[in-house]
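# Secondary and tertiary structure notes
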Amino acid sequence: GVRQALWLTKAQLVPGLPARVLRIAEEPANLLDDQDERAQRAVSRARFWDTTEVAPKRESYCPVLFEELLHLCRIMTMKHPSLAKRMLTRDYRIAATWERESFLLQVRGLNGILLNSMAPIPPVASKEEVAATAEHALETFYPILPTIDLQEVTVYKELNDTGFRAGYPYCHPHTLYFLESANIRTNRFRPEQLRAKMMMFAFGNALAKAKMLYGNDPKVLEQPIVVQSVGTDGEVFQFMVFQLNTTDLVSSDGIKNLVWIDSDQPLYEKAQCVPEIKKRVVTKPAGIYGFQPDTFKKFLALYLHGTV
């Protein structure tokens, strides 16, 4: 869960999204025309229109919903041309290795869909806020090992790799998207597990980038690296912003990394695929119920973050 991920990444948790992201979400200039109606149509397209099935499965509607919402975000390129300097990457492999106390840890393999950018996201926390993290005490799990349940493997090569060749123009990780689209609930990550996965891979991408830029020597970064994460099961969204302040991760003392998490934000409450009928009377028509416009505002704000 998140508590374990905080220890593994030497990070301090800040509940909610950063103030800068929330300001982007509320700024009228950063809203689409008829934004709420467009977002509701995107949900309807994923749940009702993109299939011939009466009730499509999650493995179908979750990826469709993600693509529809991302399409709405891309429309903002008309207002902010620098958004065109982005690239969406699938099936790339990340590798990041670090020492934490007496443990050698690594994040490796395929992760979520990555939105890359030509320019990095500016640091979210000020230098004063970063310096204040030195006073934060990380939670310990004594007498339980903090690496409990992690997979042990034999490491033949300590690898740090962003997954992209040198010279790739879209070289800065911007936002990771995780789709928990398995139809069977037991095959999906629970929200707490998903948030931990989002944090570990955001940290891994940031750490690999930091080592490529500044070398492998542990240090406090003059220019922190920010990577965002968004996770969804097609109904509920998890939002995260991770700021890598230091690569000196062995000790629990000193400067910590920072992570902002906004948990369990529903985009809508229910998609009624077939009308509810009682005594030959339609008591609940088919449609989307309980739409939450603020959730899409946050989705869009994270997409715009670093540009506006």
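Cut-offs used in this document
- Residues numbered from 1 in each chain as written.
- Predicted model: local features only at pLDDT ≥ 70, side-chain atom pairs only at ≥ 80, totals over all residues.
- Heavy atoms only, no water.
- Core = buried A, V, L, I, M, F, W, Y, C linked by side-chain atoms within 4.5 Å.
- Buried < 20%, exposed > 50% of the residue type's maximum accessible area, 1.4 Å probe, protein only.
- Helix = DSSP H or I, 4+ residues; strand = E, 2+ residues; numbered from the N terminus.
- 1 Å grid on protein atoms, 1.4 Å probe; cavity = no way out; pocket = protein on both sides within 12 Å on 5 of 7 lines; lining within 4 Å.
- Points joined across faces, edges and corners; volume = space filled by probe spheres on them.
- Nonpolar A, V, L, I, M, F, W, Y, C, P; charged D, E, K, R; others polar.
- Contact = heavy atoms within 4.5 Å.
- Pairing = 2+ DSSP bridges.
- Axes fitted to C-alpha atoms, helices over the stretch in contact; angles between N-to-C directions.

## Some points on the nonpolar core
Burial of nonpolar side chains together is a common tendency in soluble globular proteins. Counting 46 residues, the largest nonpolar core has Leu69, Tyr177, Leu267, Phe296 and Phe299 as its most contacted members. Residue assignment for this core shows that the elements contributing at least two residues are helix H2 (19–26), helix H3 (35–49), helix H4 (58–74), strand E5 (113–117), strand E7 (220–232), strand E8 (236–246), strand E9 (257–266) and helix H7 (293–304). Looking at which element gives the most residues to this core, the answer is H4, with eight residues. In this structure, Leu8, Leu114, Phe178 and Val227 belong to the second largest nonpolar core, which totals 38 residues.

## Let's talk about empty space enclosed by the protein
The full count for this structure, using the stated rule, is one cavity of 30 Å³ or more. Estimates place the volume of the largest cavity at around 50 Å³. For the lining of the largest cavity, the class distribution of residues is four nonpolar, four polar and one charged.

## Focus on the layout of surface pockets
Within this model, the largest pocket holds a volume of roughly 1,200 Å³. Lining the largest pocket are 32 residues; nearest its centre among them are Leu8, Gln106, Asp149, Leu150 and Gln151. Where the lining of the largest pocket is concerned, the elements lending two or more residues are helix H1 (2–8), strand E3 (93–100), strand E4 (103–110) and helix H6 (191–214). Of the residues forming the lining of the largest pocket, the biggest block, six residues, is contributed by E4. Split into classes, the residues belonging to the lining of the largest pocket amount to 20 nonpolar, seven polar and five charged.

## A closer look at the environment of Leu304
Relative to the helices and strands, Leu304 is located in helix H7. Given a relative accessible area of 0%, Leu304 falls into the buried group. A sequence separation of 208 residues divides Leu304 from Ala96, and the C-alpha atoms of the two residues are 27 Å apart. If sequence neighbours within four positions are ignored, Leu304 has contacts with Ile24, Asn30, Met76, His80, Leu83 and Arg86.

## Notes on the sheet that holds strand E1 (residues 11–15)
Taken in spatial order, the seven strands of this open sheet run E1-E9-E8-E7-E6-E5-E2, and their pairing is mixed. Strand pairing shows two members of the sheet lacking a second neighbour, E1 and strand E2 (86–89), which therefore form its edges. Put simply, the sheet's adjacent strands are angled 20 degrees from each other on average, direction ignored. As judged from the four bridges shared by E2 and E5, these two strands associate in the antiparallel manner.

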